[in-house]
Amino acid sequence: MAAAVPFIQAAGAIFSAVSAISQGRAAKAAGDYNAQIAEQNAVIARQQAEAQARQQDRENYLRLGQIKAAQGRAGGEAGTGSVLDVLGDVAAQGELEKQDILYRGELAARGYTNTGALDRYGGAQAQSASYLKAGSELLSGGAKAYESYDRLKNPPGGTILKRG
């Protein structure tokens, strides 16, 4: 039974190494999956911002139309004097709101993109670390197995075990 100890230790080291590599692969797969979800969220954030910007354009158009209609009902012309100033201000404010919507959407998308990049990097690092851990497990297990084998062949006190 004692002669089996080095082989058991070597098998344990191999099992630990395979387990470490498997964990690294799983971490990489999880990182890749999370990155894919984050990238999809970035696309959705941009699409939502574009839809909100189109809605803002529509609201701006309607607002300007209401101002022009009100001026017409009052008997004035929409292209002169203070009405023209009001129309310009309203149009500028509407465009500013639209650009703000697009900007916030782009910031959200960049956040998702950055998160995805970090997820991919973390998965790749975990996989690399698993290879190092596997190598360490093999070296450590091999050293322990050799040490046990050596003790069986050369026990303390000089008595050498022989099969009989």
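So, here's what we can say about the structure. Keep in mind it's a predicted model, so treat the numbers as computed, not measured.

Focus on the overall build of the protein
Here is step 1: Tallying secondary structure elements over the protein gives two helices and zero strands in all.
Here is step 2: C-alpha extents for the protein along the principal axes are approximately 120 × 20 × 15 Å.
Here is step 3: Sorting the 164 residues of the protein into buried and exposed places 20% on the buried side.
Here is step 4: Looking at the protein alone, contacts between residues at least 24 apart form 84% of all its contacts between residues at least 6 apart.
Here is step 5: Here the protein has roughly 11300 Å² of accessible surface; of this, 58% comes from carbon and sulfur atoms.

As for the side chain of S130
Here is step 1: Positionally, S130 belongs in helix α2 (residues 81-153).
Here is step 2: Other than its neighbours up to four places away in sequence, S130 contacts A20, I21 and G24.

Describing the side chain of Q56
Here is step 1: Here Q56 lies in helix α1 (residues 5-73).
Here is step 2: Given a relative accessible area of 9%, Q56 falls into the buried group.

Notes on α1
Here is step 1: Over its 69 residues, α1 runs 100 Å from end to end, which matches the ideal 102 Å to within 8%, given 1.5 Å per residue.
Here is step 2: Trailing α1 by a residue or two, G75 shows a phi angle of about 90°, which is positive.

Thoughts on the environment of L96
Here is step 1: Position of L96 among the secondary structure elements: in helix α2.
Here is step 2: You can call L96 exposed: its relative accessible area is 53%.
Here is step 3: Residues L96 and K144, spaced 48 residues apart in sequence, show a C-alpha to C-alpha distance of 70 Å.

Here we look at the environment of S136
Here is step 1: Here S136 lies in helix α2.
Here is step 2: For S136, a relative accessible area of 44% corresponds to the partly exposed category.
Here is step 3: Sequence separation between S136 and S16 is 120 residues, and the spatial gap between their C-alpha atoms is 9.7 Å.

A look at a nonpolar patch on the surface
Here is step 1: Together, I14, V18 and L138 make up a nonpolar patch on the protein surface, roughly 270 Å² of accessible area in all.
Here is step 2: In this fold, L138 is placed in helix α2.

Describing the pattern of salt bridges
Here is step 1: Taken as a whole and judged by the stated rule, the model has eight salt bridges.
Here is step 2: For R120, the salt bridge goes to D32, with nearest N and O atoms at 3.5 Å. Here R120 is found in helix α2, whereas its partner D32 is found in helix α1, with 88 residues between them in sequence.
Here is step 3: With relative accessibility at 25%, the residue D32 sits in the partly exposed group.
Here is step 4: The salt bridge involving R110 is made with E106; its shortest N-O contact spans 3.3 Å. Here R110 pairs with E106, and both are found in helix α2, just four residues apart, close to one helical turn.
Here is step 5: Residue class for E106 comes out partly exposed when judged on its relative accessible area of 25%.

Rules used throughout
Residues numbered from 1 in each chain as written. Predicted model: local features only at pLDDT ≥ 70, side-chain atom pairs only at ≥ 80, totals over all residues. Heavy atoms only, no water. Helix = DSSP H or I, 4+ residues; strand = E, 2+ residues; numbered from the N terminus. Buried < 20%, exposed > 50% of the residue type's maximum accessible area, 1.4 Å probe, protein only. Contact = heavy atoms within 4.5 Å. Areas by Shrake-Rupley, 256 points an atom, 1.4 Å probe, with all protein chains shown as cover. Expected span 1.5 Å × (residues − 1). Patch = residues over 30% accessible without salt bridge, like charges linked within 9 Å, V, L, I, M, F, W, Y side chains within 5 Å. Salt bridge = Lys/Arg side-chain N within 4 Å of Asp/Glu carboxyl O.

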